[in-house]
Amino acid sequence: QVQLVESGGGLVQAGGSLRLSCAASGPTFRTYTMGWFRQAPGKEREFVAAISWSGGSTNYADSVKGRFTLSRDNAKNTVHLQMDSLKPEDTGVYYCAARNGLVLTATYDYWGQGTQVTVSG
């Protein structure tokens with residue numbers, strides 16, 4: 001049973017920063033690809049960023065590239081999403097997700113409960 005718990009959300013002024021964390025419980029954290037998704041009110045959930053099981057590869061949505069940085073600490077079973085230069089359009093519920101990083105076709109099967117990020121103008 002894999003459990004993911006997000007934290008670090010809150011209210012911040014445009015141009016400010018937040019650091020989201022995702023703590024994972026489970027025996028195979030090192031083999032997971034970890035991703036972040038977000039969902040704004042009334043919109044579909046969208047991809048934000050992902051990091052490979054080794055930490056050697058990251059991918060970012062075009063909308064956040066250059067502003068967000070994803071890292072992982074396998075020893076602590078934790079990933080962090082550093083969000084800088086935040087914009088009001090970054091507002092939404094941010095979800096941590098995990099998939100099998102050793103299988104090319106694996107889908108994100110494990111999800112956290114989400115943490116709210118609100119960026120005011």
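What you see is a predicted model, and the numbers here were worked out from it, not measured in a lab. (Residues numbered from 1 in each chain as written. Predicted model: local features only at pLDDT ≥ 70, side-chain atom pairs only at ≥ 80, totals over all residues. Heavy atoms only, no water.)

S.K.: Help me understand the side chain of R67, please; the structure alone is not making it clear to me.
M.R.: When you line up the elements, R67 lands in the loop between strand 6 (58-60) and strand 7 (68-73). When neighbours within four sequence positions are excluded, R67 is seen to be in contact with Q82, M83, D84, S85, L86, K87 and D90. (Helix = DSSP H or I, 4+ residues; strand = E, 2+ residues; numbered from the N terminus. Contact = heavy atoms within 4.5 Å.)

S.K.: Which parts of the structure should I look at to understand the state of the cysteines?
M.R.: Structurally, a disulfide amounts to a covalent bond that connects the sulfur atoms of two cysteines. For the structure on display, the rule yields 1 disulfide. The side chain of C22 participates in a disulfide bridge whose partner is C96; the two sulfur atoms lie 2.0 Å from each other. Residues C22 and C96 share a disulfide whose torsion about the S-S bond is about -80 degrees; that sign makes it left-handed. Here C22, found in strand 3 (residues 18-25), pairs with C96, found in strand 9 (residues 92-100); they are 74 residues apart in sequence, far enough to count as distant. (Disulfide = S-S within 2.5 Å.)

S.K.: Would you mind going over a nonpolar patch on the surface with me for this structure?
M.R.: Taken together, the side chains of W53, L102 and V103 define a hydrophobic patch exposed on the protein surface, amounting to about 260 Å² of accessible area. Inspection of the secondary structure puts V103 in the loop between strand 9 and strand 10 (110-111). Judged by its relative accessible area of 37%, V103 falls in the partly exposed class. (Patch = residues over 30% accessible without salt bridge, like charges linked within 9 Å, V, L, I, M, F, W, Y side chains within 5 Å. Areas by Shrake-Rupley, 256 points an atom, 1.4 Å probe, with all protein chains shown as cover. Salt bridge = Lys/Arg side-chain N within 4 Å of Asp/Glu carboxyl O. Buried < 20%, exposed > 50% of the residue type's maximum accessible area, 1.4 Å probe, protein only.)

S.K.: Would you mind going over the sheet that holds strand 7 with me for this structure?
M.R.: Backbone hydrogen bonds are what pair the strands of a sheet, in a parallel or an antiparallel way. Strand order in the open sheet formed by 4 strands is 1-3-8-7, and the pairing between neighbours is antiparallel. Each end of this open sheet is capped by a strand with a single partner; those strands are strand 1 (3-7) and strand 7. When strand polarity is set aside, the average angle formed by the axes of neighbouring strands in this sheet is 15 degrees. With 6 bridges connecting them, strand 3 and strand 8 (residues 78-83) associate as antiparallel partners. (Pairing = 2+ DSSP bridges. Axes fitted to C-alpha atoms, helices over the stretch in contact; angles between N-to-C directions.)

S.K.: What exactly am I supposed to notice about the environment of F47 here?
M.R.: The topology assignment puts F47 in strand 5 (residues 46-51). Note on F47: relative accessible area 31%, which makes it partly exposed. Those residues in contact with F47 that lie beyond four places of it in its chain are W36, F37, N59, Y60 and A61.

S.K.: Would you mind showing me how to read the pattern of salt bridges here?
M.R.: Side chains bearing opposite charge may pair, as long as their charged atoms lie close to each other. Inspection of every chain in the model, using the stated rule, returns 3 salt bridges. For D90, the salt bridge identified is with R67, shortest N-O distance 2.7 Å. One end of the pair, D90, is in the loop between strand 8 and strand 9; the other, R67, is in the loop between strand 6 and strand 7, and 23 residues separate them in sequence. The exposure classification of D90 matches that of R67, with both residues buried. If you follow the salt bridges from partner to partner, you end up with R38, E46, R67 and D90 in one network.

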